[in-house]
Every structure is written in C-alpha cells, then in structure tokens.
Amino acid sequence: MSRTGPRNPSRTRRLTTAQALVAFLARQYTERDGRRHRLISATWGIFGHGNVAGIGQALVEAGHGGNGTAYRMPYLQGRNEQAMVHAAVGYARQSGRLSAHAVTTSIGPGATNLVTGAALATINHLPVLLLPGDTFATRPADPVLQQLEVPYAGDVSVNDCLRPVSRYFDRVTRPEALIPAALQAMRVLADPAETGAVTLALPQDVQAEAYDWPEEFFAERVWRVRRPAPDTAELEAAVRAVRSARRPLIVAGGGVRHSAAEETLAAFTAATRIPVASTQAGKGALRHDHPADVGGVGHTGTATADELARTADLVIGVGTRYTDFTTASGTLFENPAVRFLNLNITGFDAHKLAALPLVADARTGLEALTSALAGRGYRIDPAYETEYTGAKEAWEEQVEASFTTPDPTARPTQTQVLGLLDTLVTEEDILINAAGSLPGDLHKLWRTRSRDQYHVEYGYSCMGYEIPAAIGVLLATQAQGHQGRPVWALVGDGTYLMNPTEIVTAVQENLPLRLLILQNHGYASIGGLSEAVGGERFGTAYRHRDPDGGFTGPPLPVDLAANAASLGMRVLRATTVDDLRKALAEARSAEGPTCVYVETETPDTVSGPPPAQAWWDVPVAETASRPAAVTAREEYDRRVAARRHHL
C-alpha cells in the first residue's frame, strides 16, 4: 500500500464517522500490472433506522460534495440485502477482483440477510465490503428495536453471525476506531490470497457521532495487488515432477481467471501439450476449441476430462480448491501412482491432496514453470496427445447430439435451449448461472468462447444469485467501456422464485439484462438426485397435493412470465423450438431488460445431457424399508469403496 497527497498531520476535518468512512472509501485504489482501479466504486443500500441517519446521510453528502467531500460515491438502490451482495460479487468477479462494491444495511433483519451473500463471496474469494448497522454502542435504551438480547454477553449482536463468513470483521464502537479498522478492511479486500467478504459493523449512534479526523486519513491510497513468484526450491521440485510425468493433466480453477493468466496457460500448453481440464470456476481458461482444452472435470465433467483424470500420473492444479465435485468425492484420480502439483496463491490450497506446493500467483507461477521447462525439452508423448484430441472429438459429437432440435414445433428440452443459445452467442456474450441442473449441463456442454463468458457460481451454488449477479456484471462491463455486451441470467423456476426482486433494479437503471426463465415445475436437479439416492423425488415438484397428501397433482398455475412483466420487464413467451429461437434473437438485440420465458420438456433423465461421468458422495440411508432406498444404498456402498485419501 502506498499513500499519495500532501502530508499535514496538524490539519483535521470534522465529520461524522459515516461521512468519514464514505470519504475514505472514495479515495482507495488498487493497482496491478501498472493499472489503477477504484477499490470501492459504488455503495448498495437499503435504509432503516440503523443506517439512514448515518451512512445514508453520508451518501447524500458524498453525492453533493458536502463537508469537503470532493470524490463522489455512487449509490445503488437494492430491494433485498442478500441480492445486493450477489450484485456486488458479480461486479467484483467481472472486475477481476480489482474493484468492488460496498453494501450498507440497517440493523436486525437487514444485517442478517447479508449472511448468505457473505458466505458466497468468501467461499469464492471475491471482495465485497459489508457495512451493517448495529445497535447503540452507548446503550441508551436496551433493548432497541430489532436487537437480539443475549443473556450471557452484552456485546453480542446479530451482526456476529457475519464473523465466520467474513475474511475480516470489526465492530467500530468509537469514531477513532474506524481508522485502523478501515485500513485493515482495505488490506484484506485487496489481498488476492485473503480476499472475500469484509464486515465493518457500525453502531447507529457511532455512525452519526462527529470527530476531528486527521486529514491524512483521506489521502489517496493505492493497494498494490501482489503477484508473488514461486520459491526457487519449490519451482525446481515442480519441474522435476512435470518432467517425470507420462500422463499429466492440468486442472484449471478460478485462480487462473482471477490472475488473468489465460494467455500464460495457453503458452504453457503450447510448449508442453499437456491437456487442460477445468473446474466450474476455471471453465474458459482456454477457449472450447483450443486443442488442449478437454472440458469440465469431475462429477459434472466431460467423459474426456474424467477419463484422463482417472489415468493421470500427475495432476497439476492451477488456482483450484479441489471441491468434491472436482475430485468426484475422492474417487476420480484412480491411478495408484498419481501425484499432485498445486500452483496456488494460498499455501492452504497449494498443500491439498498431499501435493507438491508451488505457492505463487497463477500467472507468475506458470511463467516461471514454462521458462524453467523450456531449456529441458519437455513435451508429452505424441501418442498421449493423439489420445485426448480423439476423445475430445468424440465428446463433441455427444454435445452436438444433445443440442440438436430436430422438430421446430416441439417443446424444447433444457439442453436444446442451451443449444439454441449456443448458435446465437459470440465471444461478447456472458452467461450467468449458479444452481439447479443448469450448472451440470453447462459444465459438460457449453462451448466457452472467451475468458469471461462462463460465469457459473458453484462454490456456494446459491439459488437466487443469477439475476442480481447479472446486474453487477452489467455495471462492471459498463465501467470497462463495454456497454453493448449481452449478459444473460439463466434461471429455472425454483431459482427464480427464490429471488426475483432485483428485476426492479434492472428496470430502474435501464440495464439490458437478458433473463432466460426455464419452467419445469419444480427442482429438477434435486428431483433427479432424490431419485438416485432413494428419496423418490419427494418434495421436489411444484404441484397440487393429491388425495394421499403427496405432491403429484396438476402443476401449480404459477405464471412466472406474468410476474416478471409485473416487475417491469418486457417478456417474450416461447412454446416451441422455433418460437424460442426467434425470442432469443430478439432478446439479444434488445436495449432494455428483457425476459424470455419457456416451458421445457422433461426427458427421462434430469435434463437430457449425457449422464454424469463421475460419482458424487451424497450419503444414502443405511437402513430403510422402501425398495428405492435399499437399492440406492447398495449402489452407494459399491461407489464409496473406491474413495481414497491421497497421501
């Protein structure tokens, strides 16, 4: 971190704590590779008694230059606190984690509504600054409205729910305590190894309290985003591991994108010909048509990538956390001799699976590894390259078959919807998804055309993420000067019903959100999983009750298209393949927020693509009286026997 501007420790400025915080935030910057970005570029807010007279009033001051505030802090109006965090996360991801948003709420339910979004941000290592109001620090009345009373501790509030899901948490109980708290908050937000949700809980009386702030607090500060290089000994061990490998496989994770290391990865594969599989967060590290790209890996991966993973003798993880979907719950990497080499900016992730660690920035580490290998003549056996390129061609035939829509008058399946979208988009389009059966279909089948086209949040897989995240992405693309990029939020009916509120925000801001609603009358993904584990699809369909008390009656007469229209969107209804093709094209060229609504055909499988190519561990009832669960447990016992610890 460096500070610019004049130094005059004797000068002060009298502001409220909230005014000082907003003025401070407006002058924080990140810098990476010589390019500067505003760290907190806007603040989302819903106001109540816990922040309206503090942060709310400070944002008014900032917007009009009051109290010497020369730097404007834009304000964004949200409708749901969780959704505001999702929007901020979408913005941060699209901004390469170099720019972020703040989110302010009142006390009580406004603050606790942040928890889900905070967990999502922290799990995905994406920066967002949370500014929840808190109860009085001075306790003039106890309890106050919305206060949680804790008999064993007087200093606990509902904001403490945010501690475990925040990378940094502080409660600012005195104005002067803001100075170290704010500096620590910026440090964590800008640190690529530590970043995530950062929470500054702000008691409502402290927000409004005035203090004589040192002028230096408001000087411009630049937080340099590091690109740490690998340790020499670790690099040499990594080179030896690669050179001795006969069937290496790269698993590219989200760290490739966060580091902007896509071109460096392509250069590494050009030199070595090592194939590249991708996690959900890493998909797009290479274009789908790159010779070394073998698609998604793990439970929702391609047959090509998963078979390579089963036979690999060296797995090179680049910026991945190795979740259970990636490792197929510890069953995917079957080769008895398999070893792991993990390039990651955090030691925690670099050491997973008893790997050789290469702790470094993804781009810097790949550059060092490429350079170190260059003079030693390493390249994989041509037969191995022929093997995986041939397998990739065979998988592409399955993709094409899943996307094919032979009858233009028929109702499309979910994968056929994706196929129609595939024919329409270019590298400019961005697709956003998070939950349901769509992430699996997309990971297996989608042909990613650019480094940032594929935006699937699967660290937390949070229903309701897509619409607000798309708003954040749109705001980021506009800030980057790309106003015309089409941004699609792909949602099923279950996800839509969780969180449609930010449609109102898209309409208010006239953002050209493309919302694609796929109506299949229930939780398709969990319905399929329920059937597989002996749950018999119980509680997963949106239907009327039957006489026996179940949910097997007619579909509920819920009109999601009418709901979206009532919130201000233009809605295009499609009932056939041909209708949908026309509606998608019309939506893509629209200038305002537009929704395409389609009811999808439900095939015998969950969503119609090729089945899962690897296992996922969801424990099945060990004892049961119903045949479905008994059969499922037998299959579970067979699968779990293949699980291993990599030591």
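Please refer to the structure placed before this passage.
Since the structure is predicted, the reported quantities are computational estimates derived from the model, not experimental observations.

Novice: How should the pairing of strand β17 (residues 339–344) be read in this particular structure?
Specialist: Two faces, one strand: in a regular strand the side chains alternate between the faces of the sheet. Extensive coverage of β17 is indicated by the burial of 5 of its 6 residues. With 5 bridges joining them, strand β16 (residues 314–318) and β17 adopt parallel strand pairing. Each residue of the ladder has a partner; that of G317, found in β17, is N342. Taken together, the 4 bridges between β17 and strand β18 (residues 356–359) define a ladder with parallel strand orientation. Within β18, the position partnered with N344 by the bridge is V359.

Novice: I tried to follow the packing of aromatic side chains on my own but got confused; where do I start?
Specialist: The full count for this structure, using the stated rule, is 12 aromatic pairs. Measuring from centroid to centroid gives 4.6 Å for F24 and F217, while their planes differ by 10°, and the two rings are stacked. Highlighted residues: F24 in helix α1 (residues 17–25) and F217 in the loop between β11 (210–214) and β12 (221–224), separated in sequence by 193 residues. Like F24, the residue F217 is buried in the burial classification. Here F333 and F340 contribute two aromatic rings whose centre-to-centre distance is 5.3 Å and whose plane-to-plane angle is 85°, an arrangement assigned as edge-to-face. Given a relative accessible area of 3%, F340 falls into the buried group.

Novice: Before we go on, may I ask you to explain the environment of A564 in this structure?
Specialist: Here A564 lies in helix α22 (residues 560–566). Residue classification places A564 among the buried positions, given a relative accessible area of 0%. It is 48 Å that separates the C-alpha atoms of A564 and A312, two residues lying 252 residues apart in sequence. Non-local contacts of A564, meaning those with residues more than four positions away in its chain, are made with Y496, I503, M569, V571 and C595.

Novice: Before we go on, may I ask you to explain the nonpolar core in this structure?
Specialist: As a rule of thumb, nonpolar side chains are buried together in soluble globular proteins. The biggest cluster of nonpolar side chains holds 53 residues, and the ones touching the most others in it are V103, L130, Y496 and L515. Ignoring anything within four residues of it in the chain, the contact list for Y496 reads I467, V491, I503, L515, I517, L560, N563, A564 and L567. Formed by 52 residues, the second largest nonpolar core is a distinct cluster that contains V256, V276, V294 and A614.

Novice: When you look at the sheet that holds strand β10 (residues 197–203) in this model, what are you seeing that I'm missing?
Specialist: Each strand in a sheet pairs with its neighbour through backbone hydrogen bonds, running either in the same direction (parallel) or in the opposite one (antiparallel). If you walk across this open sheet you meet the 6 strands as β6-β5-β7-β8-β10-β9, and the pairing is parallel. Each end of this open sheet is capped by a strand with a single partner; those strands are β6 (75–77) and β9 (168–171). When strand polarity is set aside, the average angle formed by the axes of neighbouring strands in this sheet is 20°. Examined bridge by bridge, strand β7 (residues 100–105) and strand β8 (residues 128–134) share 4 bridges and lie parallel to one another. What sits directly across from V103, in β8, is L130.

Novice: For this particular structure, what's the right way to read the state of the cysteines?
Specialist: Applying the stated criterion to the full structure yields 0 disulfides. Residue C462 stays outside any disulfide, its sulfur separated by 16 Å from that of C161, the closest cysteine.

Novice: Help me understand the pattern of salt bridges in this model?
Specialist: Scanning all chains against the criterion turns up 42 salt bridges. Between R171 and D134 there is a salt bridge, with its nearest N and O atoms 2.7 Å apart. Separated by 37 residues along the polypeptide, R171 in strand β9 and D134 in strand β8 bring together distant segments of the chain. Each of the two residues, R171 as well as D134, counts as buried. For R287, the salt bridge is made with D289, and the minimal N-O distance between the two is 2.9 Å. Judged by relative accessible area, D289 falls into the partly exposed class, the value being 44%. Bridged by salt links that share partners, the residues R32, D33, R227, D361, R363 and E367 form one connected network.

Conventions adopted
- Residues numbered from 1 in each chain as written.
- Predicted model: local features only at pLDDT ≥ 70, side-chain atom pairs only at ≥ 80, totals over all residues.
- Heavy atoms only, no water.
- Buried < 20%, exposed > 50% of the residue type's maximum accessible area, 1.4 Å probe, protein only.
- Helix = DSSP H or I, 4+ residues; strand = E, 2+ residues; numbered from the N terminus.
- Pairing = 2+ DSSP bridges.
- Phe/Tyr/Trp six-rings, centres within 6.5 Å; stacked < 30°, edge-to-face > 60°.
- Contact = heavy atoms within 4.5 Å.
- Core = buried A, V, L, I, M, F, W, Y, C linked by side-chain atoms within 4.5 Å.
- Axes fitted to C-alpha atoms, helices over the stretch in contact; angles between N-to-C directions.
- Disulfide = S-S within 2.5 Å.
- Salt bridge = Lys/Arg side-chain N within 4 Å of Asp/Glu carboxyl O.

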